[in-house]
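Summary of structural features
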Amino acid sequence: MNSIPSSAAVVVPTEPPICPICHDDLYSPKNRKFVGRRVAIARPCGHKFHFKCLSRWTKDHLTCPYGRGVIKHMVVKNLPLPRGWQNQMVNAAEEGDIKIIQTLLQRGAKVDASQTAGETPLALAVANKHLDAALLLARRGGSDLIGLRNLGCLFQNGGEGIPVDPHKAEHWYLKAAELGDIAAMWHLGYLYQFGGEGFSIDLHKAESWYLKAAELGDIAAMCSLGIMYADGGEDFPADPHKAESWYLKAAELGDTTAMNNLAYLYHKGDKDFAVDLRKAEHWYLKAVGLGDVCAMSNLALVYLDGGEGLPADHQDQGKSLLIKAAGLGDAEAMTNLGWLYATGHKGFGKDLHQATSWWLKAVELGHVSAMQPLSNLYLHGGVGFEADLHQAKIWFLKMVELGKDPAIIASAMYMLGRLYHFGGEGFEVDLHEAERWYLKAAGLGDVLAMYNLGRLYQYGGEGFEIDLREAERWYLKAIKLGSPLAMSGLGHMYLRGGENFPEHRYKGKRLLLKVAQLRRDLAIKKQEKASKPQPAKKRGLDEAFPEESGRPHPEGASTAADCKA
């Protein structure tokens, strides 16, 4: 029989079971500092000890500590590997049995011996999230690129008792990348591009690793370079021409994400990069032909907007494509359909119930952006659609719960504050609840929440006392962020004064003069803008719905975003 039992006590000899000197397990010590110790046999008595323990003992003693006979010499015993040890190592890695792994390593087992990439004990320990076993194998010379890279993924993503640690993720990604793993190079680029808790973004390092992977033919890295150059960042200026170059390389190799993003670049244009709708249509069509629903939704917007070189029936095609993309589950297309039915633009009949239906479908897919127009529709109502402030409250709360963008969350908190501040039909005013939500929003930097806190403390209300000092504090916070409303509110408060709050007529007049000047400046800018010809940068849906226009695939949509097996 060549199979090895799963119990460490059966796999290795157990007589005597412990070292008589340190009293730890002789062959499979639990303490990691003992891993790799050899067994020594005292002669002539034959008693067994850890080699290091017996070596230290014989410096001061002549007799055996177990039998008290004189020790004439010792023999070091190197236990052989049992037959079929590879299967035993694999089973132990899958089960996370670190004692078996330690024992086999003591006997000289090689971490990756006789295993194919991705099926080594290291890779299996990582796949089963046995972190202690995986770290032991990796530190003892594991060189399986997939195992090392996926160990980095464990630390990058965390979960199931494994804390997120981008520094440890970086360490293991580097090990794999330095051994030539292209996917690990991509992951390093991603880690440096987006950073993490306690891990700073470094776009130049991200660029360096993406370039290494791209030069080795990695399509995902080419696309990621395109995204980096298109977006730019701190100390890393955007370069749409470099973005175009890398998108083209990936697109010509068949990557639909790059096709969509390249088309988006031609669709939207940029500084010193002209809009080219024919090229945008060309690449969107290629991506659509390969099943990319995001590109289908974006092409629909190109056709709905219209422009030079597009088909004569472009608007009908746009409507058809947008409905098709929404039917295929694209939440952004659903959201845009909601906007179109809400406004009645681009050949869509105005229908607030249809708008609501599409926004609800998008929300069911977790699309937070659709919650904004939905909550506002319930807040204000419309023709044939009654306002429902309680429904508005429900959707604002969902935005707070599910939103990821702090600005969107703060805006929803602010709107909840307004609901409780001013109430409405069937919705009672609760100024303390208004204060609570305004404070939450202000804590996230929402300037309107700061201004409304100033108003709340300035005027008070039923069960809510006036506090002019607190009003002044919040007005000043909003003024620091440039709020003319807060300047006007504080200016009038200084002119009037109040209980325990003396008048400051000079301060008040100065603030109101500043507000007047800001309004004059704004009016002049509007007149100047109206008198100049405007570049055709934003069109159609972009103007109507600035947050709902076409979009590139996000970085996470790249196929390399998941750990490769």
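Scroll up to find the structure.
The structure presented is a predicted model; accordingly, all values stated were derived computationally and were not measured.

Time to look at the overall build of the protein chain. When its secondary structure is counted, the protein chain shows 27 helices and 3 strands. Looking at the protein chain as a whole, 48% of its 565 residues qualify as buried. Within the protein chain, residue pairs in contact and separated by at least 24 positions form 53% of the contacts whose partners lie at least 6 positions apart.

Packing of helix H12 (residues 240-252) against helix H13 (residues 256-268) leaves a shortest axis separation of 8 Å and a crossing angle of 145°. For the pair H12 and H13, the sense of crossing is left-handed. Contact residues: H12 offers Pro240, Ala243, Glu244, Tyr247, Leu248, Ala250 and Ala251, while H13 offers Ala258, Met259, Asn261, Leu262, Leu265 and Tyr266. A breakdown of the residues in the contact of H12 with H13 according to their chemical character gives 11 nonpolar, 1 polar and 1 charged.

On to the sheet that holds strand S1 (residues 39-43). Spatially, S2-S1-S3 is the arrangement adopted by the 3 strands of the open sheet, whose pairing is antiparallel. Only two strands of the sheet have a single partner each, and these edge strands are strand S2 (48-50) and strand S3 (73-77). When strand polarity is set aside, the average angle formed by the axes of neighbouring strands in this sheet is 35°. For S1 and S2, the ladder comprises 3 bridges, and the chain directions are antiparallel.

Turning next to the pairing of S1. With 4 of 5 residues buried, S1 is to be regarded as a mostly interior element. Connecting S1 to the next strand, S2, in antiparallel fashion are 4 residues, including Gly46 with a positive phi near 85°.

Right, let's get into the nonpolar core. Counting 152 residues, the largest nonpolar core has Leu151 and Phe396 as its most contacted members. Counting residues per element, this core draws most heavily on helix H21 (residues 406-422), which supplies 9 residues. If near-sequence neighbours (up to four positions away) are discounted, Phe396 is found in contact with Ser375, Asn376, Leu379, Ala412, Met415, Leu416 and Leu419. With 11 residues, the next largest nonpolar core counts Cys19, Leu26, Leu54 and Ile71 among its residues.

Conventions we followed
- By convention here, each chain's residues receive numbers from 1 onward along its written sequence.
- Local features in a predicted model are, by the rule used here, given only for residues with pLDDT of at least 70; side-chain atom pairs are given and counted only at 80 or more, and totals for whole chains, interfaces and linings are based on all residues.
- Side-chain metrics in this entry use all non-hydrogen atoms of the structure; hydrogen atoms and water are not considered.
- Strands are runs of DSSP state E lasting at least 2 residues, helices are runs of H or I lasting at least 4, and numbering of each runs from the N terminus.
- Each residue is assigned to one of three classes by its accessible area relative to the maximum for its type, calculated with a 1.4 Å probe on protein chains only: buried under 20%, partly exposed between the two thresholds, exposed over 50%.
- We call two residues in contact when some of their heavy atoms are within 4.5 Å.
- To define axes, lines are fitted to C-alpha atoms, for helices over the stretch in contact only, and angles between the resulting N-to-C directions are given on a 0 to 180 degree scale.
- When the near helix sits turned anticlockwise from the far one by under a right angle, the crossing is termed left-handed; a clockwise turn instead gives a right-handed crossing.
- Charged residues are taken to be Asp, Glu, Lys and Arg, nonpolar residues to be Ala, Val, Leu, Ile, Met, Phe, Trp, Tyr, Cys and Pro, and polar residues to be all remaining types, Gly included.
- Strands were regarded as paired on the criterion that DSSP finds at least two bridges between them.
- Within this scheme, the nonpolar core is defined by two criteria: the residues are buried Ala, Val, Leu, Ile, Met, Phe, Trp, Tyr or Cys, and they are joined through side-chain atoms within 4.5 Å.

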